[in-house]
Structures are given as structure tokens and as C-alpha cells.
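The lines below spell out each chain.
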Amino acid sequence: MLAAMSPQQATAQAGKSGQVDTTPSSGTFPATPSAPATDDDVEAGKVAVPALPAEPPLPQVDPIIADDEFNSSVPALDNAQDPELDKPLESIDAFERRMAAEQSGAKPEAGQAAPAGDPALADGDTTEEIGDAPVRDAELTAPLPPIDQFEVTPVQIAEDNADDEKDVQVRYRLQLKGLELADKETDSDLASVFNSASALKKGNGKAANTAMVAARLTEDSQLMETVLASEGWYSPQVRTRMDPPSDAQDPTLNAVIQVNPGKRYAFSEINVKADPTVPSTLIADNFPLKVGEPIVAERVQGAEARVAVALPENGYPFAELGDRDILLDQDEGTGVYTLPITVGPRGRFGGFTTDGDLAFDADHVQVLARFKRGELYDSRKVDDLRKALVATSLFSSVSVEPQKSGEDAGDGTQYVNLHVKQDAGPPRTIAGSVGYAAGEGITAQATWTHRNMFPPEGALIAHAIAGTRQQGAGVTFRRSNAGKRDRTFELVAEAFHNDYDAYSAYTGRIAARIARDSTPIWQKRYTYAFGVEMLGTAETDYDAATGGRKRRTYYVAGLNGQVGFDTSDDLLNPTKGYRLTALVQPEATVRGGFDPYVRARLDASTYVPLGDSFVLAGRVRLGTIQGAGLFDIAPSRRLYAGGGGSVRGYAYQALGEQAPDGNPVGGRSLNEGSVEARYRFGNYGVVAFVDAGQAYRETMPQFNDLRYGVGIGGRFYTNFGPMRLDVATPINRRPGEARLNIYVSIGQAF
């Protein structure tokens, strides 16, 4: 017998036979109706309505039970035999009283009170109030206790058992079998890759029950298939089982993963679908996959990433890689790789646009760019521009994105505009630092900076210093990227007081400077600086006539120029490379006459890594003053040796010729050298060092009577540089020299 099929079943059946007829049986539809048809149109015959196909007749189905048999089995209702069926329903009140009488055994009359013990019936209200409760429920009517006497028993929550052994019901060990067959064909350690993500490994051989072990086995079998597929085995056989303990003394289950990697799939074809590029081999040269090599996921992703980077670096800013397709042939163990690439137009740098919360306009963005209009587009130069924008410290966020201009640039290229989305950050910062050095005492510095008070990048900086031997304040105007990338203009006015053993000075200074300096954010290989300065200073100096210190006033004007070359890898914590710096300062002192002279200094340092944690560092310094007598030069402009940045183990400026009062007088030349062995472990480090140096009255370094200091230091490495603590002692200590000298600062000594 056939049952009727639903329309869905009919469609499915037709689909199986391959014959689905969707053509109407009669009638036609208008090809392009201009407006919906109405009922009147249909009645008027203006619109032909398709006739629906006739429904197929349903098959006849015999009933399971005949109607006569069903009716005869149902008993008839006889009211005569049961008179209660014809009686009317009693009222709710009468029903309640009858039920109460049956419970108490009494037969109450109409209007009689409800039996005791049924307060719900006393007032005819079926909803019992609290006051109707019997005496045995007196707690419900008792007054609540005062809140300060209300006691609540806290809920006891079971704490995690610190002893995991009590919760462990099953122990197991993981066994991998057959994976060595795959390891022989690859340089990867598949077992290590698997173990790093294995659920069984993360369980440390412990589980609450065998069901948990089985669940982990299932999860790890899927993981094993993924690991093998990533290296080209796409049809492995991975089986799992739990073997019971083999030794009664060791009730440990064996969780076994049996692997049969099968055949490793290789590329049979590599198809990259892309428009022609310039040069024509641009994609091929940057796509290292070859026919015949295994299909390794990491290799595939790496090749695609390489092409995605190479195209924008060579003039194609809008190139996009489509979705890869790898068609596997299980019989042959091969795969056909297909990658569509939309190359897009070849571009050249055009102009700049910008919007958002602006720190500066598009013209200043052009100043920061290291490329000119018409140059072939290179995403590396765009990244360099983005870094320069970040280095201004004026943005909370900033982005640079290429945009099509539609403007022809010739040679089959188009101009590409760069759009800079700006979100200016807070322009003001406050910074401070504290340090200590023997001979310099404690020094605290504070700085307030408004980085963009005079856009673009015109900063106003107020600074102050307070210490046991230094006090002062000043203001600086600084224009960063002044008309050219990385060029800085500074104008400084300051006043300060220094009270050292060599001299005491009250100084006012005005200076201007143009420089290309390194910063912790943007370290540069080549640096330079040149400028002018004028100062008036009242300083104490040894007076041979009186045998004491006498304060004299000096007026100094001078020029300065400096060049540097730096190949080190870090400004504050170098570990490799070297540095060279040369400084020349032509100056003149006006004090009852005109005394010109030239100050010059040469610094060199080198850093040699010995392993990952050990660095050997060394430095030398040479200085000279030519053209004036020692006492014709202001004490603050003479050369000194000794201190934290010079020869550790001695007080600041303590080396060199000493006056009869025991204080240094400075010199016209100096030579210094240092060697450090730096060892780092994590965020900490230790340093052993030897320093040597001396200052001389002569104009050229003499390299004799050298004084040596040795010591040890500690380093705490932070994200902005190492904190430094050095303790040093002089060799062949002389009378008046301290046994220990301590230096605290930021950054390495050199």
C-alpha cells in the first residue's frame, strides 16, 4: 500500500530520479509587467492566470477498527440507573460545608458555624489569612527579633583541596607510536609540536575517571591529524586506545595514540593567477614554492606573506591576495595549488591629505617624508613615515593609508595619495629624575613640556634642578623637524649655581643650537650639532697672591660644532657596535682683555657581545685646550677628570693638579679610559669595571701619573633604559680620597 507523499517528499524523490519539472502545466505570465495585476484585471481577462496542476488522488486506506465495532464497545449512559447524573451542581458553599461535615462526622445545618479546625470556612473566604493559623503555627505570628540579634549561619563552601592526590582517581601515561615515521621526512619535531598543545600532556597524567581520559584521547587524536596535515600528511590513520595497567604494582593506564602517517602529499601544480607586473618576474622571484615539494602549511603561508609584502614594496600599493585553493588527489598523493592575486595599478607617490584631530597640517607631513612626488611607491617608506609621526609624541593614534587619485603619472603608473588619519594626544608632560654621585651630591630634576605650543612641533620646555651642589632653572624653545626631517632648532635661557670643590659659580647663559641628535625613540647613525652661546659667570678660583679662593667675573662667547657616528644597537644600553664623537669649541674670555682659545674633545667607545648575556665594553677620551693660559680660562671651562662619567673611584672633578688648599684647579688636557664586563640575567645585571685617567696643566695629554679606579655595579633593566648603581674604590688611594664612591644614574656609564 502506498501512502500519500508531501510536496517536499515529492521534490526529493524527483531529485533522486534526476527529473524535476518546474514548467507550469498551462497558462502564461506577462514578460515584463509594468504594474501589479488586480482582481478586476483577472476578471476582465487582461491577465492570463496559470492553472495549477491537479493534485494526485489520495490512495484508499482501510480503517483499523470499523465504526460499528467502535460504537458497540463504548457503554451507553443510562440516567435511570444513576439519578445523580440528572441532579444540578451544588454551590461552592454547600460543597465546602458537606466536606467539613464528612471530616468532623457532624451534619451542619444551613447557617451553622464552620467546624473547629477549619478556619478557612469560618468567614466563607477560601483564602486563609495569617491570623487564621492554628496555635501550633505560632512562629508565624511571633515578632521578628532585633536586627542586631539576628543570627545567620554562613554558607560553608568547600575549599579546593590543596592536595591533588585526593581528587585523582585515575593515573595515566601518554604513548605516541608511529610518529617517528613522519619525523624522518621532515626537519620539524612533530612530537614537540603535538605535546605543546596536547590535552593529555596538560593533564599531567592525572584524571578524575577513565571517561575524562577517553575524552582527552579523542581531542588529541584530532590534534594529531591537524599536526600531520600541517606538514603534508592529509590522509593519516590515527587510532587511540586505553591499555590497562600491565603491572599490579603500578596501576597506571596507558593512553596510546597509534599513528600511521601514510603518504606525504606534494605539489603537482602551482598556479598563480595574476596580471603582468613590472618587472615580469616580481611575483615568481618572491614565491619560493616549487612543484614536487611537500605541502607544508608554514611554507605556503610564508610564501604568500612574502608576495603580499613584495608587491607594495615595488609599486603596487593595492595588491590583494585571494583565497588559496589546494585540490588534493588521494590516489596520487599530490595537490594542485591555485592562488588568485589582484595586482592593481602600479603607483607613484603623489600628495598628502589629512583629517581628524590635527596636531599639524599636511605640509608638515611632507616634511617628515623621506620621499618625493613621482618616486615609485614603496611601502617601506610609508612605514618610515608612520614611525616618524609616532616619534613626534603628539598622537594618541595615527595611521597612513594609500588612496587612489586616478591621476596618470606616465609610464603606465598612477599617482597614489597618502591619507594621514590623526588623533592628537595630550601635548603636555611632566617628567622628573633623581641621581647621586660622589662629589656632585644628590640631584633632582623636573621638566614641564608643552610639545606643540607653537605648531608644528614647537615645544616650550621649563626645567629646574635642585641638589646639594646644583640649583637652577631655565626655559627652552625647541622646534623639532624644523623645515627638514630630524633637524632640531633650540633656543635656551637659564640661570644656575654650582658649588663644587674645584669652583663655585653663579652663571647666566643664552644659547642657540641646530642639531641632528639621537633619541631613545629614534637613534641615528650620523649626528651633528652647531651653535653659539654666551654666558656671564662669577666663579671662585685659587689666588696665589692671597693663598685662598677669590671670586672673579668672566664673560664668555663662543661657537661650537660636533659630529658623531654611531653603529651601536641602543642609545642607553648598547650591546654591539661602536661610537665616535668629535667636539670643537672656539671661545673667547673677556676679563680685562680678550683671550681666545679652542676647546676640543674626542670620544670613542666599542661594545663586543660574548654570547647572549655577556658584553665587553670599552671607551677612551682625549681633550685639549689650545691658545690661552690656565688661569685666563674660567674654571668652569677647564678640563677635569674623575666622577661617575669619567674615572669612577674618585669624586667629581677630583683628579688633576691640586691647589695648595687641596682642591683641584683643572687642566688644559686630559686622557681617560674604561673597560666594563657586563652580564645580564633577566631584568637584572652586574658589571665589573676598571677606569683610568688624569687631567694635566699642559695643553696635550701626557699619559702619565694615571689614576685607576675599580669597582662593581648593579643594573635594573626597564623599558626606558637600565637603572645604574656603581660602587668604586681608588687604587693607591692618597690622603683625602674616599675609600668608596657611589654613583646612581639612568643608562650605562658609556
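Residues numbered from 1 in each chain as written. Predicted model: local features only at pLDDT ≥ 70, side-chain atom pairs only at ≥ 80, totals over all residues. Heavy atoms only, no water.

### Notes on the environment of glutamine 658
So, point 1. One can find glutamine 658 in the loop between strand E22 (614–626) and strand E23 (669–681).
So, point 2. Note: C-alpha distance between glutamine 658 and alanine 502 (156 residues apart in sequence) is 9.1 Å.
So, point 3. Each residue touching glutamine 658, except ones within four places of it in the same chain, is listed here: Asn663 and Pro664.
So, point 4. At a separation of 2.8 Å, a polar atom in the side chain of glutamine 658 contacts the main-chain carbonyl oxygen of alanine 654.
So, point 5. From its side chain, glutamine 658 meets the backbone oxygen of glycine 656 in a polar contact 3.0 Å long. (Helix = DSSP H or I, 4+ residues; strand = E, 2+ residues; numbered from the N terminus. Contact = heavy atoms within 4.5 Å. Polar contact = N/O pair within 3.5 Å; in protein donor to acceptor, adjacent residues only side chain to side chain.)

### Regarding the pairing of strand E11 (residues 413–424)
So, point 1. With 10 bridges joining them, strand E9 (residues 346–357) and E11 adopt parallel strand pairing. Of the residues in E11, the one forming a bridge with phenylalanine 349 is valine 416.
So, point 2. As paired strands, strand E10 (residues 395–410) and E11 are joined by 11 bridges and run antiparallel to one another. Note on E11: the bridge partner recorded for valine 398 is glutamine 422.
So, point 3. A loop of two residues connects E10 with E11, the two strands running antiparallel in sequence, and aspartate 411 in this loop sits at a positive phi of about 60°. (Pairing = 2+ DSSP bridges.)

### A few points about unusual backbone geometry
So, point 1. Valine 278 connects to proline 279 through a cis peptide bond whose omega is 0°.
So, point 2. For proline 279, the position within the fold is in the loop between strand E5 (266–273) and helix H9 (282–285).
So, point 3. Residue proline 456 follows proline 455 across a cis peptide bond; omega there is -5°.
So, point 4. Relative to the helices and strands, proline 456 is located in the loop between strand E13 (441–450) and strand E14 (458–467).
So, point 5. Phi is positive for asparagine 204, close to 55°, though the residue is something other than glycine.
So, point 6. Following the sequence through the fold, asparagine 204 ends up in the loop between helix H7 (199–202) and strand E2 (206–207).
So, point 7. Overall, asparagine 204 belongs to the exposed group, its relative accessible area being 62%.
So, point 8. The phi torsion at glutamine 653 lies on the positive side, around 65°, for a residue other than glycine.
So, point 9. Residue position: glutamine 653 is located in the loop between E22 and E23. (Buried < 20%, exposed > 50% of the residue type's maximum accessible area, 1.4 Å probe, protein only.)

### Observations regarding the side chain of arginine 579
So, point 1. Its place among the elements puts arginine 579 in strand E20 (residues 577–590).
So, point 2. Within polar-contact distance, the side chain of arginine 579 engages the backbone oxygen of leucine 571 at 3.0 Å.
So, point 3. Arginine 579 has contacts with Gln523, Phe565, Asp566, Ser568, Asp570, Leu571, Pro574, Asp603, Ala604, Ser605 and Tyr607, leaving out every residue within four places of it along the chain.

### Concerning the packing of helix H6 (residues 190–197) against helix H8 (residues 210–230)
So, point 1. Between H6 and H8, whose axes approach to 10 Å, the crossing angle comes to 140°. Viewed along their axes, H6 and H8 adopt a mutual orientation that is oblique. Along this stretch, H6 crosses H8, giving a crossing that reads as right-handed. Here Leu190, Val193, Phe194 and Ala197 of H6 come into contact with H8, specifically with Asp220, Leu223, Met224, Val227 and Leu228.
So, point 2. By residue class, the composition of the contact of H6 with H8 is eight nonpolar, no polar and one charged. (Axes fitted to C-alpha atoms, helices over the stretch in contact; angles between N-to-C directions. Parallel < 35°, antiparallel > 145°, perpendicular 65-115°, else oblique. Left-handed = near helix turned anticlockwise from the far one by under 90°. Nonpolar A, V, L, I, M, F, W, Y, C, P; charged D, E, K, R; others polar.)

### Some remarks on the pattern of salt bridges
So, point 1. A complete count under the given rule lists 42 salt bridges for this structure.
So, point 2. Between glutamate 490 and arginine 478 there is a salt bridge, and its shortest N-O distance comes to 2.8 Å. Residue glutamate 490 is found in strand E16 (residues 488–499), and its partner arginine 478 is found in strand E15 (residues 470–479); the two are separated by 12 residues along the sequence.
So, point 3. The class of glutamate 490 is buried, set by a relative accessible area of 14%.
So, point 4. With a relative accessible area of 31%, arginine 478 lands in the partly exposed category.
So, point 5. In this structure, the salt-bridge partner of glutamate 533 is arginine 637, at a minimum N-O distance of 3.1 Å. Residue glutamate 533 is located in strand E18 (residues 526–543), and its partner arginine 637 is located in the loop between E22 and E23; the two are separated by 104 residues in the primary sequence.
So, point 6. Three or more residues joined by partner-sharing salt bridges are found here, namely Arg648, Glu676, Arg678, Asp691, Arg715, Arg724 and Asp726. (Salt bridge = Lys/Arg side-chain N within 4 Å of Asp/Glu carboxyl O.)

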